[in-house]
Amino acid sequence: QEQQQQQAGGGGSSSGGDSSLQVAPALPPHVEKRRGTSTKNHQGDVLDACYHLLRLYAGHDEDYLQSLLPLSLGPHAEDYRQSWHLYVVLVGLGFPRLDTAREEKLHMAFAAQLEEAGLWQWSLFVLQHITHGRTRARAVQAVLDRCGCPPESSSSPVAQRDALAFVHQQLHLPLHWLDATQAVFASAAQQYVRATDSLLRARQWNAAHTIIVQHLAPKAVVAKAYDTLERLLSPLEVNNNFVHVEGWSSLGLVYLEYARMMRYLGQALQGGNGMNLDWTELESSIESMCLRVQGLPAQTEEDKLSRLEMATQLSKILLVSCTGERDSHLDVLSRLSALPLAENYRLAHLSKLSHAYMAHLEA
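Values in this document were obtained by computation on a predicted structure and should not be read as measured data. (Residues numbered from 1 in each chain as written. Predicted model: local features only at pLDDT ≥ 70, side-chain atom pairs only at ≥ 80, totals over all residues. Heavy atoms only, no water.)

Attention now moves to the overall build of the chain. Counting its secondary structure elements, the chain contains 19 helices and zero strands. For the chain, the residues scored as buried account for 42% of the 363 residues in total. Restricting to contacts in the chain with at least 6 residues of sequence separation, those with at least 24 account for 52%. Here the chain displays about 19,900 Å² of accessible surface, and carbon together with sulfur accounts for 53% of that area. (Helix = DSSP H or I, 4+ residues; strand = E, 2+ residues; numbered from the N terminus. Buried < 20%, exposed > 50% of the residue type's maximum accessible area, 1.4 Å probe, protein only. Contact = heavy atoms within 4.5 Å. Areas by Shrake-Rupley, 256 points an atom, 1.4 Å probe, with all protein chains shown as cover.)

As C-alpha cells, this is what we get:
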C-alpha cells in the first residue's frame, strides 16, 4: 500500500522493478492541464490537496501543511479562500493546529484578500480566529482604521451602515473600538466635535483632551460658547478621568473653569450688577484664573485670539469687582498688568481704574 502511494505521488516504478510501469503523479487539475499526458514528476510540482488529505486520513500527517497550499487547491498562488476554509474544517475535526506563525500568516492572508474584495467586515471575522490576543486586536483595529468609516462618509452609506451593524451585533466587537475608528475618520475630515464625542465614548481621554485644547476650546472661547466647552470637558472630570490626561491642570481645566466662571458671572458682566456678588469668595478664583491664562499656548492665531478674549473678559470682571464692596484698586491694578491684554485695551482699563481710584480717595 505504501509503495502504491509513493507511485501515485511521485510516478514511481512497480514492485517488479519494471520502470516502464509508471503512475501519473497526483497533480491538481490546473497543473495537469498544463503538463498534458506526461507522467514525469517535475521537481517543485505541488500535489493535489485531495491526495494530501487521503494521506492525512491514512495517518501521514507530515503532509498537513501541503494540503493547505493555494496551488494545491487552485491555479492562483495568492488565493487563500479554500485553504482557509479547509484549515478551519480540519481544526474543527480535531487535527492539530499549525504553529503560531503559519496560522497567523494564513488568517491574515485570507483577511487581506477579503478586504481587497471590499468585504472588510468578513475580513474581521477571519482575523478573529487568530489565537494570540494582542495580535488579533492589532489586526482587527488596523482593518477598522482603514475601512470602518462612518456611513455618511462612504460611497455606499447603506452598505456601510449594515457592515458596521454586523461588526458590532454579530461579531461582537467592542463598541469603543468602533467609536475610536469613527474618531480617526472624523479627525481626518477636520470634524473635531464629532471626533471628540467619539473619543469620549471610546474612553480615550487624553486624545479627546488634545483635540479639544488644540482645535475646539480656542474657538469656543472667542465665540463665547461656554456650554460647548463645559459639555466637552466635563466628562474628563467624571471618575477622575483626568488622571489619564497630560496637561489637564494647565490646559483643559483652565478652559473648563473659565467657562464656568463666565457663566456664573454672566449677569454681572452683561448688566453691570456686580454689587450683588460676593467678591470676597470669588477673589481667589479670579486671581488664579488671571495667572493661569498666561500659561495657555499662543502658537496659532486662534490661540492668541483666545487668550486675548479671556484676558479681556477677566479684565472686565476685575473692573466690576472694583466697583463693589472691594476697594483694593492696587490689587486689581497688579492683576491687570499680568493679563495678556492688547496694549490699547490695557491703557484704557488703567485709565478707568485710575479715575476710580482717585474718586475713591476723594470720597
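Viewed as axis vectors pointing N to C, helix H12 (residues 205-222) and helix H14 (residues 248-264) meet at an angle of 35 degrees, and their least axial separation amounts to 11 Å. The hand of the H12/H14 crossing is left-handed. Where H12 abuts H14, its residues His209, Val213, Ala217, Pro218 and Val221 lie against Trp248, Leu251, Gly252, Tyr255 and Tyr258. (Axes fitted to C-alpha atoms, helices over the stretch in contact; angles between N-to-C directions. Left-handed = near helix turned anticlockwise from the far one by under 90°.)

Side-chain pairs of opposite charge can arise where the charged atoms are in close proximity. This structure, assessed with the given rule, holds 15 salt bridges. Among the salt bridges present, the one from aspartate 79 reaches arginine 81, with a minimum N-O distance of 2.7 Å. The closest approach of N and O atoms between glutamate 103 and arginine 97, which form a salt bridge, is 2.5 Å. Sharing partners across several salt bridges, the network here consists of Asp227, Glu230, Glu237, Arg260 and Arg263. (Salt bridge = Lys/Arg side-chain N within 4 Å of Asp/Glu carboxyl O.)

A word on the packing of helix H8 (residues 133-147) against helix H10 (residues 175-188). For the pair H8 and H10, interaxial distance at closest approach is 9 Å and the crossing angle is 40 degrees. Taken together, the axes of H8 and H10 are oblique relative to one another. In this structure, the crossing between H8 and H10 has a hand that is right-handed. Packed against H8, whose contacting residues are Ala137, Val140, Gln141, Leu144, Asp145, Arg146 and Cys147, the element H10 presents Trp177, Leu178, Thr181, Val184 and Phe185 at the interface. Here the contact of H8 with H10 is composed, by residue class, of eight nonpolar, two polar and two charged. (Parallel < 35°, antiparallel > 145°, perpendicular 65-115°, else oblique. Nonpolar A, V, L, I, M, F, W, Y, C, P; charged D, E, K, R; others polar.)

Right, let's get into the side chain of aspartate 303. Here aspartate 303 lies in helix H17 (residues 301-322). If sequence neighbours within four positions are ignored, aspartate 303 has contacts with Pro218, Pro297 and Ala298.

Looking now at the confidence of the model for the chain. As a general rule, the predicted coordinates of low-pLDDT regions are not to be interpreted in detail. Looking at the chain, the pLDDT average stands at 82 and 75% of residues meet or exceed 70. Looking across the chain, the model is least confident in helix H1 (residues 2-10), with a mean pLDDT of 47, and most confident in helix H7 (residues 120-127), with 97. (pLDDT = per-residue confidence, 0-100.)

What follows concerns the packing of aromatic side chains. Applying the stated rule across the entire model yields six aromatic pairs. Where tryptophan 84 meets phenylalanine 110, the ring centres are 5.3 Å apart and the plane angle is 35 degrees; that geometry is what we call tilted. Residue tryptophan 84 is located in helix H5 (residues 81-92), and its partner phenylalanine 110 is located in helix H6 (residues 100-116); the two are separated by 26 residues in the primary sequence. Here the two residues tryptophan 84 and phenylalanine 110 agree in accessibility, since each one is buried. Here the aromatic residues Trp84, Phe110, Trp122, Phe125 and Phe166 are joined through ring pairs into a cluster of three or more. (Phe/Tyr/Trp six-rings, centres within 6.5 Å; stacked < 30°, edge-to-face > 60°.)

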